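Secondary and tertiary structure notes
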Protein chains: 4
Amino acid sequence: MGGNYFGTIFRVTTFGESHGPALGCVVDGCPAGIPMDMDALSGELKRRRPGGGGPATTRIEEDIPEILSGVFEGKTLGTPIAIMVRNTNQRSGDYDALKDVYRPGHADWTWEAKYGFRDHRGGGRSSGRETLGRVAAGSVAKAFLREYGITIRAWTSSVAGIEVPGPEDPGFDLAEGEKNPLRIPHRETAVQVLEVIEQIRADGDSAGGTVSCVVHGVPPGLGEPVFGKLDARLAGAMLSLGAAKGIEFGTGFAAATSRGSIQNDRPIPAVVKALGLPLEVPGAGYQSNKAGGILGGISTGMALEFRVAFKPVPSITKPQQAMDRRGMVQELIIQGRHDVCMVPRAVPVVEAMTALVLADLLLLHRGARIRTEQ
Amino acid sequence: MGGNYFGTIFRVTTFGESHGPALGCVVDGCPAGIPMDMDALSGELKRRRPGGGGPATTRIEEDIPEILSGVFEGKTLGTPIAIMVRNTNQRSGDYDALKDVYRPGHADWTWEAKYGFRDHRGGGRSSGRETLGRVAAGSVAKAFLREYGITIRAWTSSVAGIEVPGPEDPGFDLAEGEKNPLRIPHRETAVQVLEVIEQIRADGDSAGGTVSCVVHGVPPGLGEPVFGKLDARLAGAMLSLGAAKGIEFGTGFAAATSRGSIQNDRPIPAVVKALGLPLEVPGAGYQSNKAGGILGGISTGMALEFRVAFKPVPSITKPQQAMDRRGMVQELIIQGRHDVCMVPRAVPVVEAMTALVLADLLLLHRGARIRTEQ
Amino acid sequence: MGGNYFGTIFRVTTFGESHGPALGCVVDGCPAGIPMDMDALSGELKRRRPGGGGPATTRIEEDIPEILSGVFEGKTLGTPIAIMVRNTNQRSGDYDALKDVYRPGHADWTWEAKYGFRDHRGGGRSSGRETLGRVAAGSVAKAFLREYGITIRAWTSSVAGIEVPGPEDPGFDLAEGEKNPLRIPHRETAVQVLEVIEQIRADGDSAGGTVSCVVHGVPPGLGEPVFGKLDARLAGAMLSLGAAKGIEFGTGFAAATSRGSIQNDRPIPAVVKALGLPLEVPGAGYQSNKAGGILGGISTGMALEFRVAFKPVPSITKPQQAMDRRGMVQELIIQGRHDVCMVPRAVPVVEAMTALVLADLLLLHRGARIRTEQ
Amino acid sequence: MGGNYFGTIFRVTTFGESHGPALGCVVDGCPAGIPMDMDALSGELKRRRPGGGGPATTRIEEDIPEILSGVFEGKTLGTPIAIMVRNTNQRSGDYDALKDVYRPGHADWTWEAKYGFRDHRGGGRSSGRETLGRVAAGSVAKAFLREYGITIRAWTSSVAGIEVPGPEDPGFDLAEGEKNPLRIPHRETAVQVLEVIEQIRADGDSAGGTVSCVVHGVPPGLGEPVFGKLDARLAGAMLSLGAAKGIEFGTGFAAATSRGSIQNDRPIPAVVKALGLPLEVPGAGYQSNKAGGILGGISTGMALEFRVAFKPVPSITKPQQAMDRRGMVQELIIQGRHDVCMVPRAVPVVEAMTALVLADLLLLHRGARIRTEQ
């Protein structure tokens, strides 16, 4: 994967800085004939908007997408789909004080080290706002995956060390999570996290957390060994997100402390299948999914399952020691609008990146055999 | 990243199945003029050899590399460097029983689902033996990085839940780890792990673990935002390894439970620098390295630090339930030579993949500014 | 090269259909710190505009470019540079009659065969208007090449079989060619061609021609053997233009009828060099340039020279036999605004594609040796 | 296209220098299940061998291919197919005199300018012998295309200005051309050319020529607009060949002197189709094929037709002026084994590159629509 493009066939390029004229994406290699729903696109952008993050965030933008090319009479043409969102609510003045100071935990210093020149306003392209182009592109990918019955659902699975009960818990409810600005699909935990976030905000500090993602409907066979494996592609996609510090698939790090006899998922006996008991994928079912739906870098037909760790937002209101352009250290108090916890806003971005990976692998998979019937 | 190639400029293609005629790699885009040391190459291959794994492994192969092209009078030509290792010690007969059965936890079923046809002998290309080409290519990348003073060191940091004390521990000794077939750089822990492995072997079971990696000498500025970020590239590289189930950078998953005020590394005050106290990178030093040497996907100049989780070897000698080609479940007892724990052998592979990522990013970084003085 | 992206490091994606909302490009991988001149960008777009083509063309559009990202305080940031031009003067109604008919010599039928669905208005993305994104991107590439003293000049070198005298002719004047809507750098020939074009227009027919291109200041060493050779890259770039049917380098097709003793350019004797006689590149000079500045796919340091053949515009006003969607043949009379000869408008596009190739190869060349001083 | 890899999905990397240990290729992305015929592979290599060039060439090598990976039980596995040919008949001593001199018309100087270091023996990787890996890879691509009924045939269409009559001539016979070391499919012309070549050899000089190529069975729809158009890809492929100086499609350069009314191929009337008269592709037939089977960069379903120009072999036995490492000009008499005309040997290479382009585009085309039935 290069600088600002992602994918081999279903290939996305994103553009835009936090306080420049516009952000967006170009999706190249999307098959022709896919119905494009502007409401779905707008809805995805709304999910990542600060307004969607309620108490955890404060910057409000409209984020109205415009499709510049690639769609005709409501369907994709097979040509590049360019989507643009103009920046409108830019309070660039907030950042004047940061022109010559590198904010701790941010990419200010490293971008300057790399390019020798940077847009200091809101972090320029290192801003979380950059994910807007990813979400727009992900919306196109989701429309393609919908044709194959593939559905991607992510949620906030922990904040500041508070674990959210998972799908096995009776209180787990993804619809609830979507109503909830924290994207926590468990009402009681959401209330608890809300209190913790307010406390952290009062402390002038910030919180991290994890996002979990489950994908249903993935056919067996996706993933391009040995370097384009499904988990390799997803890991590369997720770690390209600003504050991501780790990823794990299935049982993940816990697998490293376990035994082979425990980690090997058992196949479902034929007699069970014969009785017509519900199996996710007939012929490929396992009694458990410790593998997270991936073996040897290829989808098994079980649900994909992974979890991404995000560090706390580096912008805190507490005074901090910061390096400046002359190499001196000075005290810095960060002004402006900042999330206490950006994990809820990462939820649609994790889904978008997952969609981009799967759309590309679905198309690449068409090359696996002499003839394809996909 | 595609199927079997890796990288954008420093671009590697690997080839070979576990029991085919040969394995190897072609390194395209390696700069001209790099001294190539056959002993270093052979040494790297020896490190990943089962013989290097002592009690944990049993298959012995010579793995003698042959450079087929790209090197002339001991230096790289700038042309593709092809390296081949012939397979010699193939006991293919061991695998006859596995022709129609899919081993649990292995990629047998998923590869057949993808390609409709597979080499069942030793897992074909899904075998860990495939990493041989990666290690050979990594040896070339290391030779290039050596010119820049970049050194990569990985080690076994946990096995079966037993944590190995880290570099901050007085007993930590990487040289010791290299003598040690477990690649555990801590003598007492190595002894303890050895006992546990023998117990697990006696149980007919297998163990997982983690590999930690530290890279010194990385200049600030490496990494190609936003999709080719340093951590994104490393995550993609590591999760392309057979049994990898997770990765974390710096404080990793622990960061998700922490606060911004704790996770933001503090810069080193100028007065400390003025006193000439040792700093890893003058002008870029931090008092801690919770970021793992990466901010915004770009190297900070501090050491790179990350950890990879590997699941237990799926081949266990205990009887298991396995699915066969007809979709029936049968009892399977796996024969043949297998590691109880492959983590030690993953150590040179983690280093090799790290080298491939860094070599590519070092070359890509040359394009960051109008003129380059690298 | 993929569908709609071009380049490896300096990588461009273009988007837009003839009658969609907008066209444009995203330039990814452009180094930071390059001064971007809006006037130069507008000037390039003006050169490819029909208004620039005078008697040969009739459609008028404003083509005002907007830079959406990647430029800050007048310099490139190293982030993606997105440039958009809105479509304004769309007389889509002109194309209603063409919804179910495939225009002869156009891509109507082949695009429908490929994608099963197309935007029939003005050819959609198969329109010559698609080159607008290329010219915008080429303007960025030219700004980069300017830093290296590389200048690209193309011109109309023949129309309808009338050859334009070349640089060796005293009447050859590139500045004259730029004033001239035919881009013919030879006043008398321009007058002659003008008359021929008017005659062809009166006949309801159209004309083809050739564009020649010369690049000065190319340092020796550009080109990535064996598949990314300089001539291979240029050939791929030029044949990606709508009506291009051939390309030749240096003496080209004539070389195929010649002898080695004639085609091998002779080096300039040291004595001549010692006398300080002007040489294009000291140490690399040849007495002739039959190679067109390329040997073994790598620049020699002499001027690059090549010529591209364009077929006549397929849209003619004469009645033609055309296939329709049902497979029937009907008589077609094409309405709308069409060039009699699009060769003059191809001139800036040939330059733009040349700039894109050279910018990419210049950056790739930085990877040729251990250390680079470029 | 990068340095030594070619293609996006069906992706080939070649390796090897003229006098290094071995040459070969790795084919990545070839679908699984294709029957691989060792005889076909050997046959292709034999066609490009000097022995196949009879009077025009003199170096004899065995060129025995070995498949190192990717084929199991006679069929492709979907894994990388590595093919190696060892260099055996290396008279490196012939080249000692060339260590410090740059042969005129060769890539000696440009490679040294680029890499600062080169293998001077036989031109190293700039040797025509490098095409061996291409032909091996092309043989795999041909096996894939055979499954789709696509056949590629090239031939020597002119030598030293003598034009070989084309397929419309009654004496044209491709089988004859294959028996004939000159690959001239017209017996009388072959005799005539033979005489001319012997005369040129006696003069100590060399000859150029053209190769024509026709592909039958290409379905409509291949080609990836706008940068991966079928003609763009073929042009890039052909100009990556050592001595290629030009290419033209269909009527080519002649089209540039013609009129639209003449160049637009006329569709075949439905009544003719209804009578069942033979059409190449029902529904897509034209009465002529001036477009060379390509419109808008996409195959029309008609035969692909193009012609490549090759300059004379630069190695001539006549004394020449050559530049040496010190920048001085000295007289050079080239020793060793050299073709007087390499055009006949380019014939299988042109076919191989065509096959590589088509295999890749066939796979890419599978991504054009939501669902594919290919």
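Residues numbered from 1 in each chain as written. Chains lettered and ligands numbered in written order. Predicted model: local features only at pLDDT ≥ 70, side-chain atom pairs only at ≥ 80, totals over all residues.

**A few points about the overall build of chain A**
Looking only at helices and strands, one finds nine helices and 17 strands in chain A. Counting across all 374 residues of chain A, residues that qualify as buried make up 66%. In chain A, 70% of the contacts between residues at least 6 apart in sequence involve partners at least 24 apart. (Helix = DSSP H or I, 4+ residues; strand = E, 2+ residues; numbered from the N terminus. Buried ≥ 20, exposed ≤ 12 C-beta atoms within 10 Å, placed from the backbone. Contact = placed C-beta atoms within 7 Å.)

**Details of the relation of the copies chain D and chain A**
Superposing chain D onto chain A takes a rotation of 180 degrees combined with a translation of 0.0 Å along the rotation axis, leaving an RMSD of 0.0 Å. Both chain copies can therefore be described as sitting about a two-fold axis. The overlap is high: 100% of the interface residues of chain D also sit at the interface in chain A, so the same surface is used on both sides. (Least-squares fit on C-alpha atoms with pLDDT ≥ 70 in both.)

**A closer look at the interface of chain A and chain B**
On the side of chain B, 93 residues touch chain A, which itself brings 95 residues to the contact. Those elements that provide at least two residues to the side of chain A that touches chain B are β1 (5–6), α2 (108–115), β11 (209–216), α6 (230–238), β12 (244–249), α7 (260–263), β15 (304–310) and β16 (320–324) of chain A. Top element by residues in the side of chain A that touches chain B is α2(A). It accounts for six residues. Among the residues forming the side of chain A that touches chain B, the class breakdown is 41 nonpolar, 38 polar and 16 charged. Note: β12(A) against strand β12 (residues 244–249) of chain B, three bridges, orientation antiparallel. (Nonpolar A, V, L, I, M, F, W, Y, C, P; charged D, E, K, R; others polar. Pairing = 2+ DSSP bridges.)

**Side note on the pairing of strand β11 (residues 209–216) of chain D**
All names here are of chain D. Summarising burial for β11: seven of the eight residues are buried, a large majority. Pairing analysis gives eight bridges linking strand β9 (residues 151–159) to β11, with the strands arranged antiparallel. Bridged to threonine 156 within β11 is valine 211. Bridge analysis of β11 against strand β15 (residues 304–310) gives seven bridges, and the strand direction is antiparallel. Paired with valine 214 across the bridge in β15 is glutamate 305.

**Points about the nonpolar core**
Counting 460 residues, the largest nonpolar core has A:Leu356, B:Leu356, C:Leu356 and D:Leu356 as the members making the most contacts within it. Setting aside its immediate chain neighbours within four residues, A:Leu356 contacts A:Phe6, A:Gly7, A:Phe10, A:Val12, A:Ala137, A:Gly138, A:Ala141 and A:Ala237. Counting eight residues, the second largest nonpolar core, distinct from the first, contains C:Tyr95, C:Leu98, C:Trp109 and C:Ala113. (Core = buried A, V, L, I, M, F, W, Y, C linked by C-beta atoms within 7 Å.)

**Notes on the packing of helix α3 (residues 131–146) of chain C against helix α9 (residues 343–365) of chain C**
All names here are of chain C. Where α3 contacts α9, the axes come no closer than 7 Å and their chain directions differ by 50 degrees. When the axis of α3 is compared with that of α9, the two are oblique. Note on packing geometry: the crossing formed by α3 with α9 is left-handed. The segment α3 lies against α9, with Thr131, Arg134, Val135, Ala137, Gly138, Ala141, Lys142, Phe144 and Leu145 engaging Pro348, Val349, Glu351, Ala352, Met353, Ala355, Leu356, Leu358 and Ala359. (Axes fitted to C-alpha atoms, helices over the stretch in contact; angles between N-to-C directions. Parallel < 35°, antiparallel > 145°, perpendicular 65-115°, else oblique. Left-handed = near helix turned anticlockwise from the far one by under 90°.)

**A short note on the interface of chain D and chain A**
If you look at the interface, chain D gives 19 residues, while chain A gives 19 residues. In the side of chain D that touches chain A, the residues fall into seven nonpolar, seven polar and five charged.

**A short note on the packing of helix α1 (residues 38–48) of chain D against helix α9 (residues 343–365) of chain D**
The contact between α1(D) and α9(D) brings their axes to 7 Å, and the two run at 145 degrees. Facing D:Glu44, D:Arg47 and D:Arg48 of α1(D), the residues of α9(D) in contact are D:Arg345, D:Pro348 and D:Val349.

**Here we look at the sheet that holds strand β2 (residues 11–15) of chain A**
Residues and elements named next belong to chain A. Pairing in this open sheet of five strands is antiparallel, and the strands run β1-β2-β3-β7-β4 from one edge to the other. The open sheet has two edge strands, β1 and β4 (65–67), and neither has a second partner. With six bridges connecting them, strand β3 (residues 22–28) and strand β7 (residues 81–86) associate as antiparallel partners. Residue glycine 24 lies in a different strand from β7, and its bridge partner there is methionine 84. Docked against the sheet, helix α3 (residues 131–146) engages β2, β3, β4 and β7, running at close to 35 degrees with respect to β3.

**Brief notes about the confidence of the model for chain A**
All names here are of chain A. For chain A, per-residue confidence averages 91 on the pLDDT scale, and 89% of positions sit at 70 or higher. Taken together, the stretch residues 53–58 has pLDDT below 50 and engages in 21 contacts with residues farther than four places along the chain or on a different chain. Counting contacts from residues 278–283, a segment whose pLDDT is below 50, to residues more than four positions away or on other chains yields twelve contacts. Among the prediction metrics, the complex's ipTM stands at 0.95, with pTM recorded as 0.96. (pLDDT = per-residue confidence, 0-100.)

**A few points about helix α5 (residues 187–202) of chain B**
Side chains of residues three or four places apart in an α-helix project in the same direction, reflecting 3.6 residues per turn. Residue and element names in this part refer to chain B. For α5, which comprises 16 residues, the first-to-last C-alpha distance of 23 Å matches the rise-based estimate of 22 Å (1.5 Å per residue) to within 8%. Taken together, the buried positions of α5 are Thr189, Ala190, Val193, Ile197 and Ile200. The buried side chains of α5 occupy one side of the element, clustering within an arc of 95 degrees when seen end-on. Residues of α5 that are exposed and point more than 90 degrees away from the buried face comprise Glu188, Val191, Glu195 and Ala202. At its buried positions, α5 is contacted by β9 (151–159) and β10 (162–163). Once α5 ends, the next one or two residues include glycine 204, with phi positive near 70 degrees. (Expected span 1.5 Å × (residues − 1). Arc of directions from axis to C-beta.)

**Overview of the sheet that holds β11(D)**
Taken in spatial order, the ten strands make up an open sheet running β10(C)-β9(C)-β11(C)-β15(C)-β12(C)-β12(D)-β15(D)-β11(D)-β9(D)-β10(D), and their pairing is antiparallel. On the outer flanks of this sheet lie β10 (162–163) of chain C together with β10 (162–163) of chain D, each paired with one strand and no other. Sheet topology note: the strand β12 (residues 244–249) of chain C/strand β15 (residues 304–310) of chain C ladder contains five bridges and is antiparallel. The partner of C:Gly246 across the bridge, within β15(C), is C:Ala309. Of the strands in this sheet, β12 of chain C together with β12 (244–249) and β15 of chain D touch helix α6 (residues 230–238) of chain D, which is tilted by about 160 degrees from β12(D).

**Concerning the pairing of β9(B)**
Residue and element names in this part refer to chain B. Judged by how many residues are buried, β9 sits mostly within the fold: seven of nine residues are covered. For β9 and β10, the ladder comprises two bridges, and the chain directions are antiparallel. Each residue of the ladder has a partner; that of valine 159, found in β10, is isoleucine 162. Between the end of β9 and the start of β10, which pair antiparallel, lie two residues, with alanine 160 showing a positive phi angle near 50 degrees.

**Points about α9(C)**
Between its first and last C-alpha atoms α9(C) spans 32 Å; for 23 residues at 1.5 Å apiece the expected length is 33 Å, and the two agree. Most of α9(C) is tucked away: 23 of the 23 residues are buried.

**Digging into the environment of A:Ser126**
Looking at the secondary structure, you find A:Ser126 in the loop between α2 and α3. Taking the C-alpha atoms as reference, A:Ser126 lies 8.2 Å from A:Trp111; in sequence the two are 15 residues apart. A:Ser126 has contacts with A:Ala107, A:Trp111, B:Pro225 and B:Gly296, leaving out every residue within four places of it along the chain.

**Description of the environment of A:Lys229**
Considering the arrangement of structural elements, one finds A:Lys229 in the loop between β11 and α6. Under the C-beta neighbour-count criterion, A:Lys229 is labelled buried, with 27 such atoms within 10 Å. Distance from A:Lys229 to A:Leu361, taken between C-alpha atoms, is 9.0 Å for residues 132 residues apart in sequence. Once residues within four sequence positions are removed from consideration, A:Lys229 is found in contact with A:Gly223, A:Glu224, A:Gly297, B:Leu239 and B:Ser240.

**Some remarks on the environment of B:Thr210**
Within the fold, B:Thr210 resides in strand β11 (residues 209–216). By C-beta crowding, B:Thr210 is classed as buried, having 23 other C-beta atoms within 10 Å. Through-space distance from the C-alpha of B:Thr210 to that of B:Leu362 is 27 Å; in sequence the pair is 152 residues apart. When near neighbours in sequence (up to four residues on either side) are disregarded, B:Thr210 contacts A:Ala256, B:Ser157, B:Ser158, B:Arg307, B:Val308, B:Ala309 and B:Phe310.

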